[in-house]
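# Structural overview for review
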Amino acid sequence: MPLTNQTPEDQVQATFDGIAPQYDQMNNLISLGTHRLWRQRVMDATTIHSGDFALDLCCGTGDWTLALANAVGPAGRVVGLDFSGVMLREARPKVKAAGLTDRITLRQGDAMHLPYPDNSFNLVTIGFGLRNVPDANQVLREMTRVVKPGGQVVCLETSQPTNPVIHTGWQVYFGHIVPLMGKLAHHYQAYNYLQQSTHQFVSVTELATMFRDAGLRQVHYQQFNLGAAAVHFGRKPY
């Protein structure tokens, strides 16, 4: 990943472009396979109905986008948006294989400047992407802007355990083992960046405050794996 003559945004995009072909496999390794369970538990707790219109930001290779499309049914529609065209290239065959091309649109775009009018979606989600954007508060404001009044904003993200013993093990895992996995996959810089972004991201309580500052209400969160990940929910008031 070149480090000169690039903006921070360019560097992040280059990172995800580079790891896209191995992204699913590395997610399985890094989360020890639990990211699927986290996403299923989030879906179980999310308000989503047949016929809904949903937006999945930082959709990556499309796993959450697919889950949303199954939930909204044939009458619903889902947009999966990501700034990495290479990630979207990996997602397209999965959408086709699932037989969901009629209800999923994959679009390259910037989560900080969403190309949609106010009050467009019943649900807006972001999974493991908020810590990688230049301005998380701006993204949350955009998510709030495009969701309909009464609609839900959902963020699934890695977090930092509060238990001192668990936190020590978490630091060793993300600080040393995850970069080593990246090195073995010939993407050391990329996975070192990912562990750094995890360490530097806000706490669950700080993120809840950011949800409220963005204009969301009924904000609450649930932690997974002793705090290694968390999902935050919020609703746009009428």
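The structure we're discussing is the one just above.
Residues numbered from 1 in each chain as written. Predicted model: local features only at pLDDT ≥ 70, side-chain atom pairs only at ≥ 80, totals over all residues. Heavy atoms only, no water.

## Observations regarding the sheet that holds strand β7 (residues 229-235)
Note the cut-off: At least two DSSP bridges between two strands are needed for those strands to be called paired. For helices the rule is a DSSP run of H or I covering at least 4 residues; for strands it is a run of E covering at least 2, with both sets numbered from the N terminus onward. Only the contacting stretch of a helix is used when fitting its axis, a line to C-alpha atoms as for every element, and angles between N-to-C directions run 0 to 180 degrees.
Strand order in this open sheet of seven strands is β3-β2-β1-β4-β5-β7-β6, and the pairing throughout is mixed. For this open sheet the edge positions go to β3 (104-108) and β6 (217-224), each flanked by a neighbour on one side alone. Averaged over all pairs of adjacent strands, the angle between strand axes in this sheet comes to 15°, irrespective of strand direction. Where strand β1 (residues 53-57) meets strand β4 (residues 121-127), four bridges bridge the pair, whose relative direction is parallel. Residue pairing for β4: A54 is matched across the bridge by L123.

## Some words on the nonpolar core
Quick note on the threshold: Put simply, a nonpolar core is a bunch of buried Ala, Val, Leu, Ile, Met, Phe, Trp, Tyr and Cys residues held in one set by side-chain atoms that sit within 4.5 Å of each other. Type-normalised accessible area, obtained with a 1.4 Å probe on protein chains alone, sets the label of each residue: buried when under 20%, exposed when over 50%, and partly exposed for intermediate values. The criterion used for residue contact is that any of the two residues' heavy atoms lie within 4.5 Å.
Core analysis: the biggest nonpolar cluster contains 29 residues, and L55, L57, L130 and V139 have the highest contact counts within it. Among the secondary structure elements, those contributing two or more residues to this core are β1, β2 (77-82), β4, α6 (136-146), β5 (147-158) and α9 (204-213). In this view, V139 contacts L57, A111, M112, I126, L130 and V133; residues no more than four positions away in its chain are not counted. Among the nonpolar cores identified, the runner-up in size contains 26 residues, and M43, C59, A69 and F224 belong to it.

## Some thoughts on empty space enclosed by the protein
The following threshold applies: As defined here, a cavity is a set of points on a 1 Å grid over the protein atoms alone where a 1.4 Å probe fits but cannot get out. A pocket is an open set with protein on both sides within 12 Å along at least five of seven lines, and residues line them when an atom is within 4 Å of a point. Grid points are joined across faces, edges and corners, and a volume is the space filled by probe spheres set on the points.
Applying the stated criterion across every chain, the model contains one cavity of 30 Å³ or more. Of the pockets and cavities examined, the largest cavity occupies roughly 30 Å³. In this structure, the largest cavity is lined by E157, T158, S159, F201, V202, S203, V204, L207, A230 and H232. Taken together, the elements giving at least two residues each to the lining of the largest cavity come down to β5, α9 and β7.

## A look at the packing of helix α3 (residues 35-45) against helix α4 (residues 63-72)
As a reminder of what qualifies: In this scheme, a crossing is called left-handed if the near helix is turned counterclockwise away from the far one by less than a right angle; it is called right-handed if the turn is clockwise. Polar here means any residue outside two lists: the nonpolar Ala, Val, Leu, Ile, Met, Phe, Trp, Tyr, Cys and Pro, and the charged Asp, Glu, Lys and Arg; Gly therefore counts as polar.
Packing of α3 against α4 leaves a shortest axis separation of 11 Å and a crossing angle of 35°. In the packing of α3 onto α4, the handedness of the crossing is right-handed. Contacts between α3 and α4 pair H35, R39, V42 and M43 from the former with D63, W64, A67, L68 and A71 from the latter. Counted by class, the contact of α3 with α4 contains six nonpolar, one polar and two charged residues.

## Notes on the pattern of salt bridges
Basically, it comes down to this: Note on definitions: salt bridges are taken to be side-chain nitrogens of Lys or Arg within 4 Å of carboxyl oxygens of Asp or Glu.
Under the counting rule described, the total for this entry stands at six salt bridges. Note that E142 is salt-bridged to R145, the shortest N-O span being 2.8 Å. One end of the pair is E142 and the other is R145, both in helix α6 and three residues apart, which spans about a single turn. The buried category is assigned to E142, whose relative accessible area is 10%. Via salt bridges that share partners, R39, D63 and K94 belong to a single interconnected network.

## Side note on the environment of V204
With respect to the helices and strands, the residue V204 is situated in helix α9. Owing to a relative accessible area of 9%, V204 belongs among the buried residues under this scheme. Sequence separation between V204 and H232 is 28 residues, and the spatial gap between their C-alpha atoms is 8.1 Å. Non-local contacts of V204, meaning those with residues more than four positions away in its chain, are made with S159, Y221, Q223, A230 and H232.

## Overview of the environment of L55
Assignment of secondary structure puts L55 in strand β1. A residue is classified by how much of its surface remains accessible, and L55, at 0% relative accessible area, is buried. The spatial distance from the C-alpha of L55 to the C-alpha of V146 is 9.1 Å, given a sequence separation of 91 residues. Sequence-distant contacts of L55, defined by excluding residues within four places in its chain, comprise V79, L81, L114, Y116, F121, L123, V124, T125 and V146.

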